[in-house]
Amino acid sequence: MPDSRWLFALLLLVLAVASGAAFAQSTADAEALAAKASGLNDKELRKLPAKKVFGGQKGPTTSLKARAIGSYAMGCMAGGKALEVDGPAWQVMRLSRNRNWGHPELISLVERLAAEAKNKDGWNGLLVGDLAQPRGGPMLSGHASHQIGLDVDIWLTPMPERTLTRKEREEIKGKLVVKDRKRIDPDVWTEAHARLLKRAASYPEVARIFVHPPIKAEMCKWAKGKGEWLAKIRPYFGHNWHFHIRIKCPADSPNCKNQPEARPKDGTGCGDELAHWLGEKPWPKPPKQEAAPKKPAKPAPPLTLSALPAECRAIVTAE
């Protein structure tokens, strides 16, 4: 009989190929739908699934000035600019996603952070994850936010000395800097991580930086609980190998909606707020064992373009 390990490896390969084919098919469908959208009237556009329409856009609007439209998790972007794949102090990861687009102010901030962190903070360079799609909007997979070109994920793994291949940029995984949801990993975390985060949080245009709770705790310890910039560093689920920068609405975007300013009671978020995140309450509890399996809930209908700001329908069809 064949070796069970060989059969298991073959099964994994088949699943990987099938998954890749399914994603490619989904992307192709989205691109076809995005192309079709330009010939529809407004009533027809409103009914289209937002994820597919925006996920299928290959390029930005070229006839409209740069604007962030709507809110971080419900909007779109005009006049998006691409972050160069390779820069003097950064490299963009996961190129197949085509998510290296943002409002010009976000692109400028990433370039500035990369250069200053390398020259002043002992950080070799940034590995840059997702920004936004060419015209923003909801994504085919992943983020709920990143929709208006004002969000970017930065890896907590330093850029290597060499240029990564496209294959490496798809396959390399970011290194965890925490042991669990309460403890930093001292074998991975360095003072250069802290300096990088402080620099990013110190920029006036930055509204928030999301990190895993033990990273916030380490920043509070490193800064001795002092510094207004600490208030911007917010603990949140899942940010254990990267951090998420969100900038404020630019002056050129009157229909962009800012979040309320981060104002923890103690001025830094190093007190009760951090204690809450290091406790049990915010974390999902394991599901209770049911005596009999419940009938699966009917999936919610897909979000359509009608749910987004009206301007986003014009972004879909613009040149």
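The rules behind these values
- Residues numbered from 1 in each chain as written.
- Predicted model: local features only at pLDDT ≥ 70, side-chain atom pairs only at ≥ 80, totals over all residues.
- Heavy atoms only, no water.
- Buried < 20%, exposed > 50% of the residue type's maximum accessible area, 1.4 Å probe, protein only.
- Helix = DSSP H or I, 4+ residues; strand = E, 2+ residues; numbered from the N terminus.
- Pairing = 2+ DSSP bridges.
- Phe/Tyr/Trp six-rings, centres within 6.5 Å; stacked < 30°, edge-to-face > 60°.
- Lys NZ or Arg CZ within 6 Å of the ring centre and 35° of its normal.
- Salt bridge = Lys/Arg side-chain N within 4 Å of Asp/Glu carboxyl O.
- pLDDT = per-residue confidence, 0-100.
- Contact = heavy atoms within 4.5 Å.
- Core = buried A, V, L, I, M, F, W, Y, C linked by side-chain atoms within 4.5 Å.

## A short note on the pairing of strand β2 (residues 74–78)
- For β2, the tally of buried residues reaches four of five residues, placing the bulk of the element in the interior.
- Pairing of strand β1 (residues 67–71) with β2 involves five bridges; the strand directions are antiparallel. When the sheet's bridge partners are listed, S71 is paired in β2 with M74.
- Remark: two residues form the turn of the hairpin made by β1 and β2, two consecutive strands paired antiparallel.

## Remarks on the environment of T165
- As for its position among the elements, T165 is in the loop between β8 (151–155) and α5 (166–171).
- Sequence separation between T165 and M93 is 72 residues, and the spatial gap between their C-alpha atoms is 9.8 Å.

## Details of the packing of aromatic side chains
- Under the counting rule described, the total for this entry stands at eight aromatic pairs.
- Geometrically, the ring pair formed by F237 and W283 is edge-to-face, given 4.9 Å between the ring centres and 90° between the ring planes. Of this pair, F237 sits in the loop between β10 (233–235) and β11 (242–247) while W283 sits in the loop between α8 (272–278) and α9 (311–317), placing them 46 residues apart in sequence.
- Judged by its relative accessible area of 13%, W283 falls in the buried class.
- Aromatic ring contacts, followed pair by pair, group F210, Y236, F237, W277 and W283 into a single cluster.
- Between R112 and the ring centre of Y203, over which it is positioned, the NZ or CZ distance is 3.9 Å.
- When the ring centre of Y72 is taken as origin, the NZ or CZ atom of R246, which lies over that ring, is 4.4 Å away.

## As for the pattern of salt bridges
- By the definition in use, this model includes 18 salt bridges.
- With a shortest N-O distance of 3.5 Å, R112 and E116 are connected by a salt bridge. Linking R112 with E116, this pair stays in helix α4 (residues 104–120), spanning four residues, or about one helical turn.
- Overall, R112 belongs to the partly exposed group, its relative accessible area being 35%.

## Notes on the confidence of the model for the protein
- Averaged over every residue, the pLDDT of the protein is 89; the share at 70 or more is 87%.
- Long-range and interchain partners of residues 1–23, a stretch whose pLDDT sits below 50, account for two contacts in this model, where long-range means more than four residues apart.

## Quick word on the nonpolar core
- Core analysis: the biggest nonpolar cluster contains 49 residues, and L126, V128, I209, I215, F243 and I245 have the highest contact counts within it.
- The set of elements that each furnish at least two residues to this core consists of β5 (90–92), α4, β7 (126–128), β8, α6 (191–202), β9 (206–211), α7 (213–222) and β11.
- The leading source of residues in this core is α4, at seven residues.
- Residues in contact with V128, not counting those within four places in the same chain, are L83, W90, Q91, V92, M93, V110, V152, D153 and I154.
- Counting residues in hydrophobic clusters, the runner-up holds 13 residues, among them A50, C76, C312 and V316.

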